[in-house]
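Listed below are the residues making up each chain.
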Amino acid sequence: MESRSLTYMKPLESIHQAVRGTDDGPGGEEELVPADAGVEDVCPSEIETVAELLEPFAEDKESVIPALQEIQEEYGYLPRFAMQLVAEHAGTSLAHVYGTASFYSQFYLEPRGEYTIKVCTGTACHVKGADEISAGFRDELDVDLEEVTDDGQFSISHVRCIGACSLAPAVMVGDQVHGNVTEEKITAIVDEYADGQREVGGQ
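Rules used throughout
- Residues numbered from 1 in each chain as written.
- Predicted model: local features only at pLDDT ≥ 70, side-chain atom pairs only at ≥ 80, totals over all residues.
- Heavy atoms only, no water.
- Axes fitted to C-alpha atoms, helices over the stretch in contact; angles between N-to-C directions.
- Helix = DSSP H or I, 4+ residues; strand = E, 2+ residues; numbered from the N terminus.
- Parallel < 35°, antiparallel > 145°, perpendicular 65-115°, else oblique.
- Left-handed = near helix turned anticlockwise from the far one by under 90°.
- Contact = heavy atoms within 4.5 Å.
- Nonpolar A, V, L, I, M, F, W, Y, C, P; charged D, E, K, R; others polar.
- Buried < 20%, exposed > 50% of the residue type's maximum accessible area, 1.4 Å probe, protein only.
- Arc of directions from axis to C-beta.
- Expected span 1.5 Å × (residues − 1).

*Asks:* Any details on the packing of helix α3 (residues 44-54) against helix α5 (residues 80-90)? Residues and values, ideally.
*Replies:* Contact pair α3 / α5: the axes reach a minimum separation of 10 Å and the direction vectors enclose 45°. What the angle tells us is that α3 and α5 run oblique. As for the relative orientation of α3 and α5, their crossing is right-handed in sense. Contacts from Glu46, Ile47, Val50 and Leu54 of α3 reach α5 at Phe81, Ala82, Leu85, Val86 and His89. Classifying every residue of the contact of α3 with α5 gives seven nonpolar, one polar and one charged.

Structure representation (structure tokens):
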């Protein structure tokens, strides 16, 4: 009997084609799925890894969200080839899976840094200078929002609220909240997580 991992290796060519095409997205609208420059580098072992992650999930659309959560737990984001395999497994289109992933803020469609600095932009933090704090982190790390530093350690994102209004302006790195952040504290916060190889300020 053919193994599930071998079954999943069959759609490799369809992965190459599907990430460049269009398909019917949620609600029946035609939706363009962005191309992934690295899709040609997908190897059988990666497909097998995702196939193993998908094995516990039912082969229907209800499995899409939990399957995406499992894949993101493994990779830290959702590779396009993995979303195609989710579509194959769930019997739906890549555009449906991509539309689901892009709708929910919990999912990341691009690689993330080892540490994501989440700058709270809720009302309390906004009033107390969240925009300036965000700009300070971007200058410190020499990246824009959602980009990853060259060393792969950091990325920066905005979040609605982290539940620390009394500590505004606040940021979260991993599970740790840093409150009453000032521009003078930014370097110290970054250095707390840096492995010592990064040259502060991009110098």
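*Asks:* Any details on α3? Residues and values, ideally.
*Replies:* Taken residue by residue, α3 has Ile47, Val50, Ala51, Leu53 and Leu54 as its buried positions. Considered in projection along α3, the buried side chains sweep an arc of 160° and stay on one side of the axis.

*Asks:* Account for the environment of leucine 68, with residues named and values stated.
*Replies:* Relative to the assigned elements, leucine 68 resides in helix α4 (residues 64-75). Sequence spacing of leucine 68 and proline 79 is eleven residues, and the spatial spacing of their C-alpha atoms is 10.0 Å.

*Asks:* Before we move on, could you go through helix α8 (residues 130-141) and cite the residues and values that matter?
*Replies:* Structural remark: α-helix, 3.6 residues per turn; residues separated by three or four positions point the same way. Its twelve residues place the ends of α8 17 Å apart at the C-alpha level, agreeing with the 16 Å of an ideal helix rising 1.5 Å per residue. All of the buried residues in α8 are Ala130, Ile133, Ser134, Gly136, Phe137, Glu140 and Leu141. The arc enclosing the buried residues of α8, seen along the axis, measures out at 160°, which places them on a common side. The inward-facing, buried residues of α8 contact β3 (115-120), α7 (123-127), β4 (154-159), β5 (171-173) and α9 (186-193). One or two positions beyond α8, positive phi appears at aspartate 142, with a value near 60°.

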